[in-house]
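# Structural description and commentary
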Amino acid sequence: MKVKLNKRQLVIGVAAVVVVLAGLAIGRSAQDPGPGRLDDGAERACTAFAAGYADAGTKTARLSLADEVNKWSAGSGNARIAERATALGRSANETTTAWQADATAFTQACRDAGWSGSTG
């Protein structure tokens, strides 16, 4: 059985696909909190992390630093920094590789929000 589409049906099909793709793109952008702004809580979380990162070589030290960072980020309206701080807390008791990956992601979230400090 052959299906033959006329020009009008093809145009309608393409238009429907474009509408669906546009809807998906809009939905994804609404879910992405973006870099957010660097409010006081976010800046303190980023600065505390930078100050303590070099000395956080053990799981105990990482957990302590993650707790401090989460305390500051909880007072922030920056969703991405709060999300990355939570990830730091989860990975603090995991492998060094997981901790370092989340540390890099947290630092990047800080920089994306406009923080200009350094880690180490």
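Let me sum up the structure you'll find in this document. (Residues numbered from 1 in each chain as written. Predicted model: local features only at pLDDT ≥ 70, side-chain atom pairs only at ≥ 80, totals over all residues. Heavy atoms only, no water.)

Quick look at the packing of helix α3 (residues 59-73) against helix α4 (residues 79-91) now. In contact at an axis separation of 9 Å, α3 and α4 are set at 160° when each is read in the N-to-C sense. Put simply, α3 runs roughly antiparallel to α4. Considering how the two elements wind past one another, α3 and α4 form a crossing that is left-handed. Side by side, α3 and α4 meet where Leu-63, Ala-66, Val-69, Asn-70 and Ser-73 of the first sit next to Ile-81, Ala-82, Ala-85, Thr-86, Leu-88 and Gly-89 of the second. Here the residues of the contact of α3 with α4 sort into seven nonpolar, four polar and no charged. (Axes fitted to C-alpha atoms, helices over the stretch in contact; angles between N-to-C directions. Helix = DSSP H or I, 4+ residues; strand = E, 2+ residues; numbered from the N terminus. Parallel < 35°, antiparallel > 145°, perpendicular 65-115°, else oblique. Left-handed = near helix turned anticlockwise from the far one by under 90°. Contact = heavy atoms within 4.5 Å. Nonpolar A, V, L, I, M, F, W, Y, C, P; charged D, E, K, R; others polar.)

With the rule as written, the count across this model stands at three salt bridges. Among the ionic pairs, Asp-40 bridges to Arg-44, the shortest N-O distance being 3.0 Å. Pair noted here: Asp-40 and Arg-44 are both in helix α2 (residues 40-53), with a separation of four residues, about one helical turn. When the shortest N-O distance is used, the salt bridge between Arg-84 and Asp-102 registers 3.0 Å. Of this pair, Arg-84 sits in helix α4 while Asp-102 is found in helix α5 (residues 96-112), placing the two residues 18 residues apart along the sequence. The class of Asp-102 is buried, set by a relative accessible area of 15%. (Salt bridge = Lys/Arg side-chain N within 4 Å of Asp/Glu carboxyl O. Buried < 20%, exposed > 50% of the residue type's maximum accessible area, 1.4 Å probe, protein only.)

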